[in-house]
Structure formats: structure tokens, C-alpha cells
Amino acid sequence: MKTMKNSSKKSICDFRSQSKNRKIRQVPKSKKVVERRSTSSRCQIKRKQESKDIENEADQPTKIRPCSKAHCPAKRPICFARASERCCKNGYTSRWYHLSAGEHYCNECFEYFYRSHKGGHETWQTWKTSWASYGYTDVDFYTFMCDQQLPYWVRCQHSSCGKWRQLSRQLEPLTTNKIKNFVCGKHKTHSLSNGCIQKQPCIAPQDERISDVLKDEWLTLLRNPSYLQDSPAVPYTVDYYPDGVGLTASVDTKILRNGLQSQSNDDVDLIQPFSDPDEPAISGAVRPDDMDQDEMTIFPDFALDQQIYLGVRNLILAMWKLNCREWLTADKCEQHLICRGLVRLKCCQLLSDVIQYLSCRGSINFGLLTNPPPHVYPQHNGLTIHEEVIVVGAGIAGVAAARYLHNAGIKVSILEASTKIGGRIWDQGHFIGRGAYTINGCTNNPFTYMCQQTEVPIKILPSNYCLILANGHLATASSVNRMDFHLKSLLDNIATCRAKPDSKDYSLWEKLQDMHSQFLEESQVNFNEMEISILNHLMSMLEYRCGGDLRLVSSQSWDQHESYPQYNEPDGFIETGLFAVVKKMAEGLDVRFSHKVTGINFTKGNVVLSMANKTEVTATKVILATPLMVLKSKSITFQPSLPEPKVQAIKNLGLGQLEKVFFAISIQLLGTENKQVKDVWLCFRFST
């Protein structure tokens, strides 16, 4: 240990002695000055280089991130939300969220709503609760941004502008009045010689994204659709999920049902554009939550994701229900089409096509309307304006066909054998007519629309009626109900038997007699004379419905028409008669009376019609709208002959026969609660 201490001490001493003997290097003064100057020059050069680098960085473009969605054309997206203070706007963000080609939001705005500690989280949670309560689609953040944060787009209503503009947040929400009166506000003005100020169309260019939206491929890049708000179809689709019919589910649409019921009167709603999901299909009504096969064929771009089309189509049908007295155009519907985002432009573009389709289909823009505006119908459906169509028969069918063609711009004429229009609609100065007088099934019946167009009221017939037997006795209600139930039970048993694979086809009369006899034998029930008379009456009414003798009606297919939508009850009549409607429909049409057609020759290019007075009329197309009995009588010959299936159909089709006798009672009777009952009419039907 001592040796080690001495050695270490020695080494330290040696080091100190060597330091004392070391010479310090002397640097000349002049050389020190040169080195200082060179150091200063290097610092200046470094600072200049740094300033140049800053200038170069300023000249270079800002760091950006394009949209990661495949085929999205947005190379420098713009955040539409602008919700967060840290919103990148059109700068750099760690991630862009794609809604459509032209609509993106940044990651900063996403976190502003999605993160629980951010200011917008409560808004997101409130919306999510509402959507989960009233909608059926999955609740996701993309839907929230489409339904709540996308900006509105509206078209400038200035006559010389018409450009699409993004509505500022200060003007939200979008309403019908804002759409109707919106002017973009970017007009230049100048003074005229008289001192007045004249507005010029806005010169600011339209957003570049607008042209992309109007292209068909824009839909392929649409992440989420925007749902319609405050649509006129809301009150009529409360039985469906809102998002299933193209409407927003952020509000409870069923609260409107109570409001409608409180405001409704005793009048029956005879126009129902949408079918009830729990009721049989109604003729003229559609399911608001589904496209039919024809719609998917004509609009294939919306066959998979149908919300946009359903929202537009339902809005159009609701608008037609609210006012069927005027032509329905795209401009009228656009004022009520409210939704967020660029989808609104696509919906407005779709309006014209859907209106044309529904007009040709006969769902809207039909009846007594004249002088249609442009773009309601396609251009003549392949016919040129120089071609002429002849309609044979001026009954309600012929006049309706001619009115439709005339409105579509086709040259059309009607040839009528008699001296009046209306066919079997022949009034006697009041609602009683020699022919048709009642409207069987007023719900969605075309006559119902035409009565509204002429503001002619429809009188609803009561569902119960008095049945007077041949002996003059009045049938009791209990007996009528009992026999009605019995006949329906027989028909139900026939339907059950025909479902068996080995069942044979008999006439409906044979099956009813067989079922009735079997019932009497097994049940030992005896019907009295009144009940038998009631059953015979109900059988005759069944024959009237089938339009032929029950001995010639198939038991396998007698009710095949019931699988199709029907005009539902109630039944009604027009006090002034049906002829007033037909007369109104024929106004402005070319009707040639006393032109009885005896032959139709369509062997050559044109169709030649031979008249009873030995004259001929040539046309490009012919529509035959004569009664069935005229065809059965073979008073019109065809060259070449009609195909055999059509000949057999004319032969087999029948017409029910019903005699009607009316009595007008001029005396006043006392009704219930001592109220006077006026206009008492007694109708007697004699079935043969």
C-alpha cells in the first residue's frame, strides 16, 4: 500500500515539473486580426445562406396530402367543415376523409366532433341518439357529417345568372323561400343614362366541382348520400323508417301524424300516392321504400343505393297529390328539395328525368290538364310531328288516349260513329245516367283526380245498403251478413282445394254448388227462403264482378285479378254526372262524328280505315277504343286478320248485366236528431 502511494505521488510531481518547463506558443498580433476577420466572414456567409434557404422554401409549394380514395380527382382537398380552430382548410392534414369527389373533411375537424374532450362531441352524441331512435341504418360518423355539417348549395335565381353557389353558414338552414328568392349577391352595377341602377349577371365563375357533379361517374365516388329535409312526402311516409325512404332520421317524423290527425276533417282521403306496408296494394300507389323493376331498369345507377332516387320520386308524388290541378315541373319541385352537400345538384338534375318517367307512366300530369310546359314529356316517344294517330271511339278510353297524345305533341284525331262523345257515359241532366254513373273504388281512381281538377265534389256512397226481396220484404242486416260470410267461406275453400297439385279445373258455378251441398250435408244447417234469396243475389253480384256466366268462369283463376293492385273503397258518384268530366277532357281535340269504321287494313306501311260512307282515312298508327260488344259483333273487319289469341280473348270475355231503376223522392224526411234529410234517392238494382 505504501509503495503504491509513493509511486502515485511521484507521477504527479513529474507531471507538474513537465508543465512548468513547457513553453507557451506565441501568435503574432497581425495574424490574430486576420483570423478574427475570417471568422466574421464565415458567419456572414452562413447567415446569407440561411436567408436564401428561407426564400427558397417560401417559393416552394406548401406541403399537401391528396385524398387517398381511389380515383378521387381531388389533389388538394378543401375541408368543408371548418369546425375546429386547428382546421387545415386546404392545407396539410394527417388524413383526409372522403365523402364525394369534391367534399372532404380534415382529421382536425374529425377529432373536434369525435373526441370526448373536444367542443363538438356533444353535437355528435345528440345526433347519434336521434338517428338510432328513428332510423334503421347504421349510425356512423360519415352519415353525421353528411346530415349535419355539409354546406347547402343553391342556384342563383337571377334571370341572367343561374349559377350554383355554396350557401354561407350564416344563412343556414336552407328553406323553400330562400331557394325561391336566392341571389348570389355578386353582381356588378352601373348607372344608366336615366340615372337608374341596373344589375348585371354575376361574373364570378361557378365552382369547378359543379361540372364534375353533373357527370354520371360522380355517383361512383359518393361515399354517403345526403337525406332530404322537410320533404312534402314526410306526412305520407310516417309508417316507414325515414332513412329508408330517402328522408333524414335526425328528427321524429311520426310527430307529424298527430298534427295531421288533429287538422283532418271528416272527408275521406281519396288520393294515396303511397301504399301502407300492412295493407293490400292500392292501384296507383307505390312503396316509398323500394324501386320497382321498371324503375331499376330505367335508372340503373340508383338500383343498389336507392335513397337518392326514392327521396326524389317520393317528393314528386307528394307534390302531385298536394296539387293535381297544375302541371308538375322540375322548377316547382326544386323549391322543396332540401338537402346538404353536392348531392342536391344531383337530385335537381334527376328531377326532370323522373318527372318525364312518371308522366309517361301515368302517375302524374294526367287527366284534364292542357298545354303542357316543355320537358314534361319525352320528345314524341319516337314519333315525328308529321305522323298522325287515329283513335277509333270517343268513349272515355278513346278521349283519354287522345288527350294524352295531344299533350305529348302528337297529331291525333278521334273517329266516332255516333254524334256525341262519352260512349256509354250518357247523363240525363242529373247524376243518374243511362250508362256509367258510379265510381267503383274512388281511392286513386283517375276520375277522382279529374274531379279535383274541375273542383267537382264526389259524393261517397254508404257501404251498407237496403236489399229488397222480390216479395217486397226488406232483408234483415243479420241475414245479409250471414249469407255474405257463407259465400266468402265457400270461395276460401275453393282457393284451398285448387292449391292441391292434383286439383282439376271446373267451372266456378260447379264448385260453388258442390261446396254448398257439402256444407249443408255436414252441418245440417237449413237456410230459410229469405237467406236463399240473399245468396242468389250475392251469386249474381259475383257473376257481375267476373263479367260473365259463372258456368264459363274457371274456378282455378276466377280471382286472378285480385293479385294486382285495386282501386279501393269507398264508392261514389258525381252529382252533375260523369259526362261533365268527359266533356272537359275532350276540349281542343279533333273529334269527327258520324265516322263509323267498318274495316282496318294494316298490310302496308300506313293504316287505312274504311268508313261506312265508303270513304277512307289514312294514319300512321291506330288505337282501337271501341266497346267489347262492337268487337264481338265483328262489325269491324281486319286485314290481315287478328292473331288467334286475340280472337279467342274477344270471344271469351264477358260483360256483367245489371238493370238499374232510380226513384227521386221529392218529399223531405226527418232523420236522426230531428234533422231534415234532403236529396233522398232510392236505387234499385235488378240482377239478371
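Our structure's up above, just so we're on the same page.
Bear in mind that the values here come from a model prediction, so they are computed numbers and not experimental data.

### Some thoughts on the packing of aromatic side chains
So, point 1. By the definition in use, this model includes 26 aromatic pairs.
So, point 2. Their ring planes at 40° and their centres at 5.5 Å tell us that Tyr-136 and Tyr-241 sit as a pair that is tilted. Of this pair, Tyr-136 sits in the loop between α4 (121-134) and α5 (141-149) while Tyr-241 sits in the loop between α7 (209-213) and α8 (255-263), and the two are 105 residues apart along the sequence.

### Some words on the sheet that holds strand β16 (residues 621-624)
So, point 1. Ordered by their spatial adjacency, four strands build an open sheet running β12-β8-β7-β16, and the pairing between neighbours is parallel. The sheet is open, and its two edges are formed by β12 (590-592) and β16, each paired on a single side. For this sheet, the mean inter-axis angle between neighbouring strands, taken without regard to orientation, is 25°.
So, point 2. Along the sheet face, helix α13 (residues 396-407) touches β7 (388-392), β8 (411-415) and β16 and points at about 165° away from the line of β8.

### Some words on helix α17 (residues 529-546)
So, point 1. Relative to the 26 Å expected for 18 residues at 1.5 Å per residue, α17 spans 26 Å between its end C-alpha atoms, a close match to the ideal helical length.
So, point 2. Burial in α17 covers these residues: Glu-531, Ile-534, Leu-535, His-537, Leu-538, Met-539, Ser-540, Met-541 and Leu-542.
So, point 3. Residue Asn-528 occupies the N-cap position of α17, its side-chain oxygen lying 3.2 Å from the main-chain nitrogen of Met-530.

### Describing the pattern of salt bridges
A side chain of one charge can pair with a side chain of the opposite charge if their charged atoms are brought near each other.
So, point 1. Across all of its chains, the model carries 19 salt bridges by this definition.
So, point 2. Put simply, Glu-172 and Arg-169 hold a salt bridge, and the shortest N to O gap is 3.3 Å.
So, point 3. Overall, Arg-169 belongs to the partly exposed group, its relative accessible area being 32%.
So, point 4. A salt bridge links Asp-212 to Lys-215, with the nearest nitrogen and oxygen atoms 3.7 Å apart.
So, point 5. One salt-bridge network, in which partners are shared between bridges, spans Asp-292, Glu-295, Arg-313 and Arg-361.

About the thresholds
- Per chain, the residues get numbers from 1 upward, laid out in the order the sequence is written.
- At least 70 in pLDDT is required for a residue's local features to be given in this predicted model, at least 80 for side-chain atom pairs to be given and counted, and no such filter applies to totals for whole chains, interfaces and linings, which use all residues.
- Hydrogens and water are ignored here; the side-chain numbers use all heavy atoms of the structure.
- Pairing of aromatic side chains here covers Phe, Tyr and the six-membered ring of Trp, requires ring centres within 6.5 Å, and sorts the geometry by plane angle: under 30 degrees stacked, over 60 edge-to-face, intermediate tilted.
- Numbered from the N terminus, helices here are DSSP runs of H or I no shorter than four residues, and strands are runs of E no shorter than two.
- When DSSP locates at least two bridges between a pair of strands, those strands are taken to pair.
- Only the stretch in contact is used when a helix axis is fitted, and all axes are lines through C-alpha atoms; the angle between N-to-C directions ranges over 0 to 180 degrees.
- In what follows, residue pairs with any heavy atoms lying within 4.5 Å of each other are defined as contacts.
- Here a helix's expected span is defined as the number of its residues, less one, multiplied by 1.5 Å.
- A simple rule labels every residue: compare its accessible area, found with a 1.4 Å probe on the protein chains alone, to the largest value its type can have, and call it buried under 20%, exposed over 50%, or partly exposed in between.
- The term polar contact refers here to a pair of N or O atoms within 3.5 Å; inside protein, the definition further demands a hydrogen-donor-capable atom paired with an acceptor-capable atom, and it admits residues adjacent in sequence only when both atoms are side-chain atoms.
- Basic side-chain nitrogens of Lys or Arg form a salt bridge, by our definition, when they fall within 4 Å of a carboxyl oxygen of Asp or Glu.

So, to be careful, I would describe these as geometric facts and stop short of saying anything about function.
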